[in-house]
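Below are the chains, spelled out letter by letter.
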Amino acid sequence: MSFEDLSPGDKMASMRTSLAFQRTRMAAERTMMAILRTSLSMIGFGFTIYTFFTNFLNRTDARGLLAAQAPARFGMALIALGILLMALGIANHYRYMQTLRGMREDFKRRGFLQGGDGFPVSLTLIVSFLMVLLGLWALLSIGLPAGGPSIFRPAPPSAAPPHSPARFRAWA
């Protein structure tokens, strides 16, 4: 049975079903955008925390307040968490869209939907892949900086031990 053979009431029901598939696809896109926004925030916060505290610790009056690798480790943890969230979101979105496409094809085969093109390419998914690459770049730029401190190298000894009274005199 084809779409043209349906009664006017069945055609209207078919159009409603087609629109319901489009609304469901757009809801999945919005969910992916929310995951993208959250993971991008985590990646950005991780890089910002690393940059701010690294510059802060380079001041002479702030030496010894934090371990030299603390900003890099915390920043890298946030970035890695953002990348992981994005990767899981991409996998979930892809799996859900494959299920939705399968249901749509089944409805078309049964004659409940008119034939036509499938769903368009997900631009949100493409941007999400690019954000994963951006996150990996940020992770590597913190972990393997050229000439700067790295969590993979031991920290240089600080001028004052962490619990020495000289460290606290600057604040008095």
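Scroll up to find the structure this text is about.
First, a word on scope: everything that follows refers to the structure included in this document. (Residues numbered from 1 in each chain as written. Predicted model: local features only at pLDDT ≥ 70, side-chain atom pairs only at ≥ 80, totals over all residues. Heavy atoms only, no water.)

**As for the overall build of the chain**
No. 1: Tallying secondary structure elements over the chain gives 4 helices and 0 strands in all.
No. 2: Reading the helices (α) and strands (β) of the chain from amino to carboxyl end gives α-α-α-α.
No. 3: A burial count over the chain gives 31% of its 172 residues as buried.
No. 4: The contacts in the chain between residues at least 6 apart in sequence include a share of 74% that link residues at least 24 apart.
No. 5: A total accessible area of about 11000 Å² is found for the chain, and carbon and sulfur atoms account for 68% of it. (Helix = DSSP H or I, 4+ residues; strand = E, 2+ residues; numbered from the N terminus. Buried < 20%, exposed > 50% of the residue type's maximum accessible area, 1.4 Å probe, protein only. Contact = heavy atoms within 4.5 Å. Areas by Shrake-Rupley, 256 points an atom, 1.4 Å probe, with all protein chains shown as cover.)

**Brief notes about the packing of helix 2 (residues 70-110) against helix 3 (residues 123-143)**
No. 1: Relative to each other, helix 2 and helix 3 sit at 160°, their axes nearing to 9 Å. Between helix 2 and helix 3, the crossing angle belongs to the class labelled roughly antiparallel. Every pair of crossing elements has a handedness; the one defined by helix 2 and helix 3 is left-handed. Touching Ala72, Met76, Ile79, Ala80, Ile83, Met86, Ile90 and His93 of helix 2 are Leu125, Ser128, Phe129, Met131, Val132, Gly135, Leu136, Ala138, Leu139, Ile142 and Gly143, all from helix 3.
No. 2: Split by residue class, the contact of helix 2 with helix 3 holds 15 nonpolar, 4 polar and no charged. (Axes fitted to C-alpha atoms, helices over the stretch in contact; angles between N-to-C directions. Parallel < 35°, antiparallel > 145°, perpendicular 65-115°, else oblique. Left-handed = near helix turned anticlockwise from the far one by under 90°. Nonpolar A, V, L, I, M, F, W, Y, C, P; charged D, E, K, R; others polar.)

**What to know about the nonpolar core**
No. 1: Ile79, Ile83, Met86, Ile90 and Ile142 are the most contacted members of the largest nonpolar core, which totals 16 residues.
No. 2: Sorting the residues of this core by element identifies helix 1 (8-57), helix 2 and helix 3 as the ones contributing at least two each.
No. 3: Core analysis: the second largest hydrophobic core is formed by 6 residues, Phe21, Met97, Leu100 and Leu113 among them. (Core = buried A, V, L, I, M, F, W, Y, C linked by side-chain atoms within 4.5 Å.)

**Some thoughts on the packing of helix 1 against helix 3**
No. 1: Between helix 1 and helix 3, the least distance of the axes is 10 Å, while the angle of their chain directions is 15°. Taken together, helix 1 and helix 3 sit at an angle that is classed as roughly parallel. For the crossing formed where helix 1 meets helix 3, the hand is left-handed. Contacts between helix 1 and helix 3 involve Glu29, Met32, Met33, Leu36, Leu40, Ile43, Gly46, Phe47 and Tyr50 from the first element and Thr124, Val127, Ser128, Met131, Leu134, Gly135, Ala138, Ser141 and Ile142 from the second.
No. 2: Considering only residue class, the contact of helix 1 with helix 3 consists of 12 nonpolar, 5 polar and 1 charged.

**Structural notes on the packing of aromatic side chains**
No. 1: In the structure shown here, the tally under the stated rule is 3 aromatic pairs.
No. 2: Ring geometry for Phe21 against Phe107: centres 5.4 Å apart, planes inclined by 85°, an arrangement best described as edge-to-face. With a gap of 86 residues between them, Phe21 in helix 1 and Phe107 in helix 2 connect regions that are remote in the sequence.
No. 3: Plain terms: the ring middles of Phe47 and Trp137 are 6.1 Å apart, the flat faces sit at 35° to each other, and that makes the pair tilted. Taken together, the residues span a long stretch of sequence, with Phe47 in helix 1 and Trp137 in helix 3 at a distance of 90 residues.
No. 4: Among the residues examined, Phe47 registers a relative accessible area of 29% and is labelled partly exposed. (Phe/Tyr/Trp six-rings, centres within 6.5 Å; stacked < 30°, edge-to-face > 60°.)

**Details of the pattern of salt bridges**
No. 1: Counting across every chain of the model gives 2 salt bridges.
No. 2: Residue Lys108 is joined to Glu105 by a salt bridge in which the shortest nitrogen-to-oxygen separation is 3.3 Å. Note that Lys108 and Glu105 are positioned in helix 2 at a spacing of 3 residues, about one turn of the helix.
No. 3: Of the charged contacts, one joins Asp106 and Arg109 as a salt bridge, the two residues approaching to 2.2 Å between their closest N and O atoms. Residue Asp106 and its partner Arg109 are located together in helix 2, separated by 3 residues, close to a single helical turn. (Salt bridge = Lys/Arg side-chain N within 4 Å of Asp/Glu carboxyl O.)

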